[in-house]
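A closer look at the structure
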Amino acid sequence: MAAARFYRRELLRANVGWPVEQVRERGVGEVLQIDSSWRIGYAPDSFTLLTDHLREKGFDFRTLIRAGLSEWTNEGTAVDVFRDRLMLLARDERLDPVGFVGVGPGVKPEYSASPTTLIHRPSNALVGIEEQLDMLTEGAFVVVVNDPLDAVAIENLGRLAGERWAGIPMCGSQLSSAQAKTLYRYTVTDTVIVALDGDQEWRRTAIASHPDLSYFYKRVRAVEIPDGLSAASLLKTENGPQRLYDAMVSTRPLADYKPGRQQLPEFDSPGPSPTGPSL
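Fair warning: this is a prediction, and the values are worked out from it, not measured in the lab. (Residues numbered from 1 in each chain as written. Predicted model: local features only at pLDDT ≥ 70, side-chain atom pairs only at ≥ 80, totals over all residues. Heavy atoms only, no water.)

**A closer look at the pairing of strand β7 (residues 141-145)**
Successive side chains on a regular strand alternate, one facing one side of the sheet and the next facing the other. Among the 5 residues that make up β7, 5 are buried, leaving the element largely enclosed by the rest of the structure. Of the two faces of β7, both are covered, the one formed by Phe141, Val143 and Val145 as well as the one formed by Val142 and Val144. Examined bridge by bridge, β7 and strand β8 (residues 165-169) share 5 bridges and lie parallel to one another. By the bridge assignment, valine 145 is partnered in β8 with proline 169. Traced from β7 through helix α6 (residues 148-160) to β8, the parallel crossover comes out right-handed. (Buried < 20%, exposed > 50% of the residue type's maximum accessible area, 1.4 Å probe, protein only. Helix = DSSP H or I, 4+ residues; strand = E, 2+ residues; numbered from the N terminus. Pairing = 2+ DSSP bridges. Right-handed = clockwise from strand over helix to strand, strands pointing away.)

**Considerations on the packing of aromatic side chains**
Inspection of the entire model under this criterion finds 8 aromatic pairs. With 5.8 Å between their ring centres and 70° between their planes, tryptophan 165 and tyrosine 245 make a pair best called edge-to-face. Placement of tryptophan 165 in strand β8 and of tyrosine 245 in helix α11 (residues 240-248) is noted, with a sequence separation of 80 residues between them. Of the two residues, tryptophan 165 and tyrosine 245, both sit in the buried class. (Phe/Tyr/Trp six-rings, centres within 6.5 Å; stacked < 30°, edge-to-face > 60°.)

**Notes on the sheet that holds strand β11 (residues 252-253)**
Strand order in the open sheet made by the 5 strands is β8-β7-β9-β10-β11, with mixed pairing throughout. In this open sheet, the two edge strands, each paired with only one partner strand, are β8 and β11. As defined by bridge partners, strand β9 (residues 191-196) adjoins strand β10 (residues 219-224) across 6 bridges and the pair is classed as parallel. Bridge pairing links isoleucine 193 to arginine 221 in β10. The strands touched by α6 within the sheet are β7 and β8, with β8 carrying the most contacts at an inclination of about 175°. Lying on the sheet, helix α8 (residues 200-208) is in contact with β7, β9 and β10; it crosses β9 at an angle near 160°. (Contact = heavy atoms within 4.5 Å. Axes fitted to C-alpha atoms, helices over the stretch in contact; angles between N-to-C directions.)

**Points about the environment of glycine 198**
Along the chain, glycine 198 falls in the loop between β9 and α8. Once the C-alpha coordinates of glycine 198 and lysine 218 are considered, the two residues, 20 residues apart in sequence, prove to be 26 Å apart.

**Some thoughts on the nonpolar core**
Core analysis: the largest hydrophobic core is formed by 40 residues, its most contacted members being Trp38, Ile40, Val143, Trp165, Leu244 and Met248. If one sorts the elements of this core by residue count, α6 sits on top with 6 residues. Ignoring any residue separated from it by four or fewer positions in sequence, one finds valine 143 in contact with Ile154, Trp165, Ala166, Gly167, Ile168, Ile193, Ala195 and Met248. Membership of the second largest hydrophobic core comes to 28 residues, among which are Leu136, Ala206, Ile207 and Tyr257. (Core = buried A, V, L, I, M, F, W, Y, C linked by side-chain atoms within 4.5 Å.)

**Here's the deal with the sheet that holds strand β4 (residues 85-91)**
Pairing is antiparallel across the open sheet formed by 4 strands, whose spatial order is β1-β4-β5-β6. The outermost strands of the open sheet, each flanked by one partner alone, are β1 (41-43) and β6 (111-113). For this sheet the average axis-to-axis angle between neighbouring strands, irrespective of direction, equals 35°. Here β1 pairs with β4 via 3 bridges, running antiparallel. Opposite alanine 43, over in β4, you have arginine 85 as the bridge partner. Packed onto the sheet, helix α1 (residues 2-12) meets β1, β4 and β5 (97-103) and runs at close to 95° relative to β1.

**Comments concerning the packing of α6 against α11**
Where α6 contacts α11, the axes come no closer than 11 Å and their chain directions differ by 90°. Classified by the angle their axes make, α6 and α11 are roughly perpendicular. Between α6, through Ile154, Leu157 and Leu160, and α11, the contact on the second element is made entirely by Pro241, Leu244, Tyr245 and Met248. Among the residues making up the contact of α6 with α11, the classes are represented as 7 nonpolar, no polar and no charged. (Parallel < 35°, antiparallel > 145°, perpendicular 65-115°, else oblique. Nonpolar A, V, L, I, M, F, W, Y, C, P; charged D, E, K, R; others polar.)

The following block contains the structure:
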């Protein structure tokens with residue numbers, strides 16, 4: 001957690017630069033507030049700033065290397081693993097912090113996860129459950145997305161709509177069976193939703209998660225984010241909350257999107273229909 005606090009401090013103290021601009025431009029600037037449940041941080045564009053900070057806190061090189069926070073160079077110098085990345089804390093099935101996911105700049109960022117360690121396996125860790133645990137235990141539907149800032153936008157809408165949706169980001173990876181099991185452990189509904197947007201790579205990855213999700217959830221649904229937008233960018237458009245709400249209540253089986261399946265008009269959403277109550 002010392003590394004998480006360091007990353008968080010670095011983001012909160014930044015007034016300019018792409019990390020702050022990206023968060024604000026995507027419409028989720030509230031994560032820059034001190035009391036935000038999404039304690040997103042920033043790994044500075046420096047070779048040893050985190051390593052030096054943690055060494056001053058009393059951590060030895062062996063601990064930092066084994067934790068996946070530092071790595072040795074060919075010259076024998078310990079340097080930071082993550083540099084110039086938005087940082088999110090990843091947790092295991094018990095919600096214990098075990099690693100990080102780094103998010104690069106841009107609308108379609110690159111993602112990098114902590115290396116495999118004694119306590120961290122990327123395919124077993126998830127981001128976002130602990131941040132929204134209050135909603136999930138009260139019946140919110142899990143909405144699987146790719147980008148963590150889209151997950152924050154989904155959460156914002158979910159709270160506006162009465163604790164209805166919680167966004168869980170996959171950060172460039174395909175959902176594993178272990179991750180699906182963890183999601184199911186912390187939800188109280190029999191339905192999970194996958195958000196599809198215009199990113200074809202993510203669509204293929206999301207559709208491929210159907211077998212693992214369907215093993216645990218009775219209903220595996222999908223929503224289409226319209227106009228080639230993402231959840232966060234849609235939320236920022238004119239009448240954005242209503243547009244995103246309308247998309248979220250118009251679900252269909254994720255299986256319908258598998259290659260070769262004919263998509264028939266259907267609306268069977270877990271909750272109000274598209275013509276039902278609005279925001």
